[in-house]
Amino acid sequence: AIDEFIIEEVTIDDIIEGDDVVATVDILNKGDVEGTTEVEVDIPGLGDDSESETLSGGSSTTTTLTVPTSEGNAGEYSGTVSTEDDSEEVDIEVQGTDEFVIKEVDPNEPVAGDDVDVEVTVENTGDVEGEDTVEIEISGLGDDSETLTIPGESSETVTLSVSTSEGDAGEYSGTVSTEDDSEEV
């Protein structure tokens, strides 16, 4: 009479740096007696986690193991998920993040009654595609916004417009912003 713990399936989703690597491991005690095993994930360069599981003969369970990542961990990793009787190689991709930075702001010089048009160039300096809203807010006049989807290491230019009316002559200040950056205009 023996216990024998085999790995039936390992699921690891690709993640963004700063999130946890979550390994979902299905194990089976294909032996005929109850036993205890250590289920472990080891990802060189990121870390490891383990969980002790006790199973009666012929039964199975799902164990979740977690390895944290941090900013700067983007890349591809190879690791191992193992029990005392079995192991399986796993590949993990930790994706980088997106970051929307305002590169250029170019307002027109309208006369009262014309729109204030502001040409804004936004760059995603991260290495994955992302979505963010670029917004202009001009005190005393109003605001406008547009949602952009920009691939990693790319930029896009949009024109945001705020209406004026006849009595709006004068100097105004405002802010162009994304979730990650802002600039005064």
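Whatever comes next refers back to the structure up there.
Residues numbered from 1 in each chain as written. Predicted model: local features only at pLDDT ≥ 70, side-chain atom pairs only at ≥ 80, totals over all residues. Heavy atoms only, no water.

Some words on the overall build of the protein
Along its length, the protein carries zero helices and 15 strands. The C-alpha radius of gyration of the protein comes to 27 Å, more than 25% above the 16 Å expected for a compact globule of 185 residues. Dimensions of the protein along its principal axes, counting C-alpha atoms only, are 90 × 25 × 15 Å. Out of the 185 residues belonging to the protein, those deemed buried represent 34%. For the protein, contacts bridging at least 24 residues in sequence account for 59% of all contacts bridging at least 6. Taken as a whole, the protein presents about 9,900 Å² of accessible surface, with 35% of it coming from carbon and sulfur. (Helix = DSSP H or I, 4+ residues; strand = E, 2+ residues; numbered from the N terminus. Rg over C-alpha atoms; globule rule 2.2 N^0.38 Å. Buried < 20%, exposed > 50% of the residue type's maximum accessible area, 1.4 Å probe, protein only. Contact = heavy atoms within 4.5 Å. Areas by Shrake-Rupley, 256 points an atom, 1.4 Å probe, with all protein chains shown as cover.)

Details of the sheet that holds strand S7 (residues 75–82)
Spatially, S2-S8-S7-S4-S5 is the arrangement adopted by the five strands of the open sheet, whose pairing is mixed. The open sheet terminates on both sides in strands that have one partner only, identified here as strand S2 (15–16) and strand S5 (47–55). (Pairing = 2+ DSSP bridges.)

Some details on the environment of Val94
Relative to the elements of secondary structure, Val94 occurs in strand S8 (residues 87–95). By relative accessible area, which is 2% here, Val94 ends up buried. A C-alpha to C-alpha distance of 8.8 Å links Val94 and Asp19, two positions 75 residues apart in sequence. Beyond its immediate chain neighbours, meaning those up to four positions away, Val94 contacts Ile15, Ile16, Glu17, Leu46, Thr69, Asn73, Ala74, Gly75 and Tyr77.

Focus on a negative patch on the surface
Negative charge collects at one region of the surface, where Asp13, Asp14, Glu76, Glu89, Asp91 and Glu93 lie side by side. No other element matches the three residues that S8 contributes to the negative patch. Residue position: Asp14 is located in the loop between strand S1 (5–12) and S2. Taking the relative accessible area as the measure of exposure, Asp14 reaches 46% and is therefore partly exposed. (Patch = residues over 30% accessible without salt bridge, like charges linked within 9 Å, V, L, I, M, F, W, Y side chains within 5 Å. Salt bridge = Lys/Arg side-chain N within 4 Å of Asp/Glu carboxyl O. Lys, Arg positive; Asp, Glu negative; His and termini not counted. Charge placed at Lys NZ, Arg CZ, Asp CG, Glu CD.)

A closer look at the sheet that holds S1
Pairing in this open sheet of three strands is antiparallel, and the strands run S1-S3-S6 from one edge to the other. Strand pairing shows two members of the sheet lacking a second neighbour, S1 and strand S6 (60–68), which therefore form its edges. In this sheet, adjacent strand axes meet at a mean angle of 25° when their direction is disregarded. With nine bridges joining them, strand S3 (residues 20–29) and S6 adopt antiparallel strand pairing. Paired with Val22 across the two strands is Thr66, which belongs to S6. (Axes fitted to C-alpha atoms, helices over the stretch in contact; angles between N-to-C directions.)

Some words on the side chain of Thr121
Summarising the element assignment, Thr121 is placed in strand S10 (residues 116–124). Of note is the side chain of Thr121, whose polar atom sits 2.9 Å from the side chain of Thr157. (Polar contact = N/O pair within 3.5 Å; in protein donor to acceptor, adjacent residues only side chain to side chain.)

Thoughts on the nonpolar core
In terms of nonpolar packing, the biggest core is built from 21 residues, with Val21, Val25, Ile43 and Ile92 touching the most fellow members. For this core, the elements supplying multiple residues, two or more each, are S1, S3, strand S4 (35–43), S6, S7 and S8. Dropping the residues within four chain positions of it, Val25 is found in contact with Ile7, Glu9, Val10, Val39, Thr61, Thr62, Thr63, Leu65 and Val81. If you look at the next biggest cluster of nonpolar residues, it comprises 17 residues, including Phe100, Ile136, Val162 and Val176. (Core = buried A, V, L, I, M, F, W, Y, C linked by side-chain atoms within 4.5 Å.)

Describing the pairing of strand S14 (residues 174–177)
Alternating residues of S14 divide into Gly174 and Val176, all buried, and Thr175 and Ser177, none buried. One ladder, built from four bridges, connects strand S11 (residues 130–138) with S14; its direction is antiparallel. Bridge pairing in S14 places Ile138 opposite Gly174. Where S14 lies against strand S15 (residues 182–184), three bridges are found, and the strand directions are antiparallel. Directly across from Val176, in S15, lies its bridge partner Glu183.

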